[in-house]
Amino acid sequence: MAGFLVALRIIGLVPTIQFANGTTCCSSLDEIRVQLDIVDTQLLQLLSTRASYVREATRSKATVSDVNVPSRNEQVIQGAVDNAPSVHLPQIVAKTVYEGIINSSAILEECIVIQKAYAGNHQPV
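All values derive from a computational prediction rather than experimental measurement.

Caption draft 1: Representation of the pattern of salt bridges. Under the defined criterion, the tally for this structure stands at three salt bridges. Arg59 is the partner of Glu56 in a salt bridge, and the nearest nitrogen-oxygen pair spans 3.0 Å. With a relative accessible area of 40%, Glu56 lands in the partly exposed category. A residue is classified by how much of its surface remains accessible, and Arg59, at 66% relative accessible area, is exposed. In this structure, Glu99 engages Lys95 in a salt bridge whose closest nitrogen and oxygen atoms are separated by 2.4 Å. Remark: Lys95 and Glu99 occur in helix α4 (residues 91-121); sequence separation between them is four residues, near one turn of the helix.

Caption draft 2: Spatial organisation of helix α3 (residues 70-83). Taking 1.5 Å of rise per residue, 14 residues should cover 20 Å, and α3 covers 20 Å from first to last C-alpha, within 8% of that figure. Asn73, Val76, Ile77, Ala80 and Val81 are the residues of α3 that are buried. The buried residues of α3 all sit within an arc of 135° when viewed along its axis, so they share a single face. In α3, those exposed residues whose orientation departs by more than 90 degrees from the buried face are Ser71 and Gln75.

Caption draft 3: Highlighting the side chain of Asn73. Looking at the element boundaries, Asn73 is found in helix α3. Accessibility expressed as a relative area gives 19% for Asn73, which makes it buried. The residues touching Asn73, leaving out its near neighbours within four places in the chain, are Asn68 and Ile102.

Caption draft 4: View of the side chain of Glu109. Checked against the element boundaries, Glu109 lands in helix α4. If near-sequence neighbours (up to four positions away) are discounted, Glu109 is found in contact with Val54, Ala57, Thr58, Lys61 and Val67.

Caption draft 5: View of the environment of Val67. One can find Val67 in the loop between α2 (29-57) and α3. Distance in space between the C-alpha atoms of Val67 and Leu108 is 9.6 Å, their sequence separation being 41 residues. Residues contacting Val67, with those up to four places away along its chain left out, are Lys61, Ala106, Glu109, Glu110 and Val113.

Parameters and conventions
Residues numbered from 1 in each chain as written. Predicted model: local features only at pLDDT ≥ 70, side-chain atom pairs only at ≥ 80, totals over all residues. Heavy atoms only, no water. Salt bridge = Lys/Arg side-chain N within 4 Å of Asp/Glu carboxyl O. Buried < 20%, exposed > 50% of the residue type's maximum accessible area, 1.4 Å probe, protein only. Helix = DSSP H or I, 4+ residues; strand = E, 2+ residues; numbered from the N terminus. Expected span 1.5 Å × (residues − 1). Arc of directions from axis to C-beta. Contact = heavy atoms within 4.5 Å.

Quick look at the structure:
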């Protein structure tokens, strides 16, 4: 029976947020949405901070070819996948989210590197 409950929890059919007294977090869909909105705001702030570091990294990158380093991308994605179970996150969620983060970060970096090149010699890289 315990294995069955674990399987239900993994696929999301059993509430996964439980307090020490055994109650679950939310009593209505509206309450859940409020909490999700709070988390989404926090995620946006963290993504903004990450984007600031991505911009900072472009100071060390002279050309567009310096932006995409597949081995580093895979290292970051695999690190997220490996760490996901420790925070009770399905690994497929971590993989998919981090692929999106890495892909969008590369686009941001490319835009910045091209803009720097254009500003420096008026010829896009």
